[in-house]
Amino acid sequence: MNERILFVDDEQHILDAVRSNLKKYYTIETCANPRDTLAKIKNGEEYSVIVSDLKMPDMGGVDFLSAVRGLTPDTVRVMLTGFADLETALFAVNNNIAYKFLEKPYKTHELREMIEDCIALYNKTIFEKFENSAKVIMNHDIKGPMLGIVSLSSMLLGSENVPLDTKEALQAIHTSGSKILRILESKALLEKMERGVYKKNVSGVRIFKTIKDAIGEQAKILESKKIDIKITIDGQEYFDAFDQLIECDEHLLTCILGNILKNAVEASCVKDVIIIDVKRDKDMLISVRNCGEVPADIQERFFEKYVTQNKPYGTGVGTYSAKLMVTALGGDIHLDTSEPGHTTIHIRIPIG
């Protein structure tokens, strides 16, 4: 990591003292003219932390650090100030011109503690930017080839010249590829929702088709555990000939149902029955009921990130992301443990 620390002050004896006290701990650079520093930054010089005096004759600390923010926003900016200038220093911090300020006179250990804090913040910021960039690149590099696989398998499935046994294999490839694409899209959506920048994409959605698609994605584990899934409408048996069109964000709804159903299947025992009940009132109400109880010690944290129910491959992200997605749709989701030996997730989704 880049840990170059720059001190800017028009008084050379102060810069000399700073360099002498800190050079054995950090890569310290000093500059007596803030405009010279700005010229260096414009030419590509990078600093993890810039510490500037508030009062300088050629250019004040507030104007200088504001210019630094515009040129290198990741650099952590600190202001040195006297007691009489605390109001200005607070203004700089409150307006994100400076990360913090240090009041003069200060002791060397106070300065070091401040610098350590600033370096930690800088490294965290750079790491998160790198991580986000890596995620975007990885998603792009995986998504492109996977789209090709899904498209090619779809084309071959539509051909009359492909043998039946080959079509079965192609269908498995197509299903798996489509699932991977949805996972990639879900991750991207989840990150947008965590940052609060997601915008709904509302369209007509066939609710029961969406439910059956979610069930289909769990086909292998359902078969291996001999779990039966029943779909009901207001508690009455659902008939395949019936479906209902609602206005909703199809991708979010698919992800919500997929995550909650996956959680229910993984928590169920062999030969259990999972019931998915749908009610339509003012909103769409969907309940997913399965055998097994959520441990009492995690019930209140059930929808928190990384909370899981002792499942060997559980990550604790499924219910967390489902809650984020339901909230993004303007609905709500809650855990119902009132029935002994069972767990029910209730989902309410506005539909117009």
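See above for the structure.
In what follows, the accompanying structure is described. Along each chain, residues carry numbers from 1 onward, in the same order as the chain's sequence is written. Two thresholds apply to this predicted model, a pLDDT of at least 70 for residue-level local features and 80 or more for giving and counting side-chain atom pairs, whereas whole-chain, interface and lining totals are computed over all residues. The side-chain figures draw on all heavy atoms in the structure; neither hydrogens nor water molecules are used.

Nonpolar side chains tend to gather and get buried jointly when the protein is soluble and globular. We call a set of buried residues a nonpolar core when its members are Ala, Val, Leu, Ile, Met, Phe, Trp, Tyr or Cys and they connect through side-chain atoms within 4.5 Å of each other. When accessible area is computed with a 1.4 Å probe and restricted to protein chains, residues below 20% of their type maximum are described as buried, those above 50% as exposed, and intermediate ones as partly exposed. Residues Ile-211 and Ile-347 are the most contacted members of the largest nonpolar core, which totals 45 residues. In this description a helix means any DSSP run of H or I spanning at least four residues, a strand means any run of E spanning at least two, and both kinds are numbered starting from the N terminus. Examining the composition of this core, we find that nine residues originate from one element, helix H9 (residues 250–267), more than from any other. Aside from chain neighbours lying at most four places away, what touches Ile-347 is Ile-256, Ile-260, Met-284, Leu-285, Ile-286, Val-326, Asp-332 and Ile-333. Counting residues in each nonpolar core, the second largest holds 19 residues, with Val-51, Leu-102, Ile-115 and Tyr-122 among its members. Note on contacts: a residue pair is in contact if any heavy atoms of the two residues lie within 4.5 Å.

The next subject is unusual backbone geometry. Residue Pro-105 is bonded to the preceding Lys-104 through a cis peptide linkage, with omega at 0°. Secondary-structure assignment places Pro-105 in the loop between strand S5 (100–103) and helix H5 (108–157). Notably, Asp-234 is not glycine yet its phi reads approximately 50°, a positive angle. Tracing the chain through its elements places Asp-234 in the loop between strand S7 (228–233) and strand S8 (236–237). A relative accessible area of 47% places Asp-234 in the partly exposed class. If you check the backbone angles, Lys-271 has positive phi at about 65° while not being a glycine. Within the fold, Lys-271 resides in the loop between H9 and strand S10 (273–280). Under the relative-accessibility criterion, Lys-271 is labelled exposed at 63%.

Now for the packing of helix H7 (residues 207–217) against H9. Two numbers describe how H7 lies on H9: the axes approach to 9 Å, and their chain directions differ by 45°. When the axis of H7 is compared with that of H9, the two are oblique. Every pair of crossing elements has a handedness; the one defined by H7 and H9 is right-handed. In this structure, H7 uses Ile-207, Thr-210, Ile-211, Ala-214 and Ile-215 to contact H9, whose residues at the interface are Leu-253, Thr-254, Leu-257, Gly-258 and Leu-261. Axes, fitted as lines to C-alpha atoms, cover a helix only where it is in contact. Angles between the N-to-C directions of the axes lie from 0 to 180 degrees. If an angle is under 35 degrees, it is roughly parallel; if it is over 145, roughly antiparallel; if it lies from 65 to 115, roughly perpendicular; otherwise it is oblique. In this scheme the crossing of two helices becomes right-handed for a clockwise turn of the near helix relative to the far one and left-handed for an anticlockwise turn of less than a right angle.

A word on the packing of aromatic side chains. Each aromatic ring pair is summarised here by two numbers: the centre-to-centre distance and the angle between the ring planes. Any two of the Phe, Tyr and Trp rings considered here, Trp counted by its six-membered ring, make a pair once their centres fall within 6.5 Å; the pair's planes then place it as stacked at under 30 degrees, edge-to-face at over 60, or tilted in between. Considering all chains together, one arrives at three aromatic pairs under this definition. When the centroid spacing of 6.2 Å and the interplanar angle of 55° are considered together, the rings of Tyr-25 and Tyr-26 count as tilted. Judged by its relative accessible area of 37%, Tyr-25 falls in the partly exposed class. Ring centres of Phe-302 and Phe-303 lie 5.0 Å apart, and the angle between their planes is 85°; on these two criteria the pair is classed as edge-to-face.

Turning our attention to the packing of helix H2 (residues 34–42) against helix H3 (residues 61–71). Relative orientation of the contacting elements H2 and H3 amounts to 0°, with a least axis distance of 11 Å. Classified by the angle their axes make, H2 and H3 are roughly parallel. The residues of H3 that touch H2, namely those facing Pro-34, Thr-37, Leu-38, Ile-41 and Lys-42, are Phe-64, Ala-67, Val-68 and Leu-71.

Here the focus is the sheet that holds strand S3 (residues 49–53). Paired through their backbone hydrogen bonds, the strands of a sheet run either parallel or antiparallel. Here, strands pair whenever DSSP counts at least two bridges between them. Ordered in space as S2-S1-S3-S4-S5, the five strands form an open sheet in which the pairing is parallel. Of all strands in the sheet, those bounded by a partner on one side alone are strand S2 (27–31) and S5. Direction aside, the axes of adjacent strands within the sheet are offset by 20° on average. Here S3 runs beside strand S4 (residues 76–81); their pairing, made up of five bridges, is parallel.

As a further point, take the sheet that holds strand S11 (residues 283–291). Ordered by their spatial adjacency, six strands build an open sheet running S8-S7-S10-S11-S13-S12, and the pairing between neighbours is mixed. Looking along the sheet, the strands with just one partner apiece sit at the ends: S8 and strand S12 (332–336). Sheet analysis places S11 next to strand S13 (residues 342–350), joined by nine bridges and oriented antiparallel. Its bridge partner being in S13, Cys-291 is matched across the sheet by His-342. Sheet contacts for H7: S7, S10 and S11; angle to S7, the most-contacted strand, approximately 170°. Along the sheet face, H9 touches S7, S10, S11, S12 and S13 and points at about 20° away from the line of S11.

We count a salt bridge whenever a side-chain nitrogen from Lys or Arg sits within 4 Å of a carboxyl oxygen from Asp or Glu. Per the counting criterion, the structure on display carries eleven salt bridges. Residue Asp-58 pairs with Arg-35 through a salt bridge whose shortest N-O separation is 3.1 Å. A residue pair is termed long-range when its members are at least 10 positions apart, and Asp-58 in the loop between S3 and H3 and Arg-35 in helix H2 qualify at 23 residues. With a relative accessible area of 41%, Asp-58 lands in the partly exposed category. By relative accessible area, which is 44% here, Arg-35 ends up partly exposed. Residue Asp-117 is joined to Lys-100 by a salt bridge in which the shortest nitrogen-to-oxygen separation is 2.7 Å. Of this pair, Asp-117 sits in helix H5 while Lys-100 sits in strand S5, and the two are 17 residues apart along the sequence. Owing to a relative accessible area of 28%, Asp-117 belongs among the partly exposed residues under this scheme. Accessibility expressed as a relative area gives 26% for Lys-100, which makes it partly exposed. Taken together, the shared-partner salt bridges in this structure form one network comprising Arg-4, Glu-29 and Glu-45.

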